[in-house]
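Letter by letter, the chains look like this.
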Amino acid sequence: MATYDPFRDLDRLASSLFDARRGPRRMPMDLYRDGDHYVLSADLPGIDPGSVDIDVDGQLLTIRAERTLAAGEGVKWITREREAASFLRQLNLGQGIDNDGIAATYSNGVLTVTIPVSEKAKPRKVEVVADGAAPTIRTHESADEPQPIEQ
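All figures in this text were calculated on a predicted structure; none of them were measured in a lab. (Residues numbered from 1 in each chain as written. Predicted model: local features only at pLDDT ≥ 70, side-chain atom pairs only at ≥ 80, totals over all residues. Heavy atoms only, no water.)

*Asks:* Report on the nonpolar core, specifying residues and quantitative values.
*Replies:* Among the nonpolar cores identified, the biggest contains 18 residues, and Leu44, Phe87, Val113 and Ile115 are the most heavily contacted of them. Residue assignment for this core shows that the elements contributing at least two residues are β2 (37-43), β4 (60-67), β5 (85-92) and β7 (110-116). Once you skip the residues sitting within four places of it in the chain, Val113 turns out to touch Tyr38, Val39, Leu40, Ile54, Ile63, Ile102, Ala103 and Ala104. (Core = buried A, V, L, I, M, F, W, Y, C linked by side-chain atoms within 4.5 Å. Buried < 20%, exposed > 50% of the residue type's maximum accessible area, 1.4 Å probe, protein only. Helix = DSSP H or I, 4+ residues; strand = E, 2+ residues; numbered from the N terminus. Contact = heavy atoms within 4.5 Å.)

*Asks:* Just give me the short version of the side chain of Arg67, but keep the residues and values in it.
*Replies:* Looking at the secondary structure, you find Arg67 in strand β4. Buried charged residue Arg67 carries no salt bridge. Nearest counter-charge: Glu83, at 6.3 Å. Engagement of the side chain of Arg67 in a polar contact is seen with the backbone oxygen of Pro45, the distance being 3.1 Å. Setting aside anything within four residues of it in sequence, one finds Arg67 in contact with Pro45, Gly46, Ile47, Arg82, Glu83, Ala84, Ala85 and Phe87. (Lys, Arg positive; Asp, Glu negative; His and termini not counted. Salt bridge = Lys/Arg side-chain N within 4 Å of Asp/Glu carboxyl O. Polar contact = N/O pair within 3.5 Å; in protein donor to acceptor, adjacent residues only side chain to side chain.)

*Asks:* Can you break down the side chain of Thr62 residue by residue, with the values?
*Replies:* Within the element layout of this structure, Thr62 appears in strand β4. Here the side chain of Thr62 touches Gln90 through a polar contact of 3.2 Å, side chain to side chain. Setting aside residues up to four positions removed in sequence, Thr62 forms contacts with Asp53, Ile54, Asp55, Leu88, Arg89 and Gln90.

*Asks:* Outline the environment of Val113, supporting the account with residue identities and numerical values.
*Replies:* With respect to the helices and strands, the residue Val113 is situated in strand β7. Look at Val113 and you get buried, because its relative accessible area is 0%. For the pair formed by Val113 and Ile63, sequence separation is 50 residues and the distance between their alpha carbons is 9.8 Å.

*Asks:* Hey, could you go over unusual backbone geometry for me, with residue numbers and the actual values?
*Replies:* Of note in the backbone geometry, Asn108 takes a positive phi value of approximately 50 degrees without being a glycine. As for its position among the elements, Asn108 is in the loop between β6 (103-107) and β7.

The quantities given are spatial measurements derived from coordinates; they are silent on function.
Here you go:
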């Protein structure tokens, strides 16, 4: 059986009164590049995967999610610290992203979004072609005129 703690209830009341963040919550995330794609991992504990909405509009990636709490009829709450909440995160993708190849998975409370780099933005080697069929290198072996050497 839980004991009554008036200070905990007072703290919860003060937090709810002075909490300026009544709108969508921001989700903590990590973002890194792994080879030819970026990986975004965002914490969304307790989220129904069906409530997650990911949109790409031009270069703007938007992630929205909702956490709803079930409240059974006739339930008498002893304590209720978890809140229903909505989450929102927006990122500017910039240039060089393959928008059509973006994919997402949700596992163990973590949303993972894979963002591939477009073919045009991938690093590549540029071949240097010599002018003419075979380049000519001139060397000086004597005080006379330099002699061409064919390669």
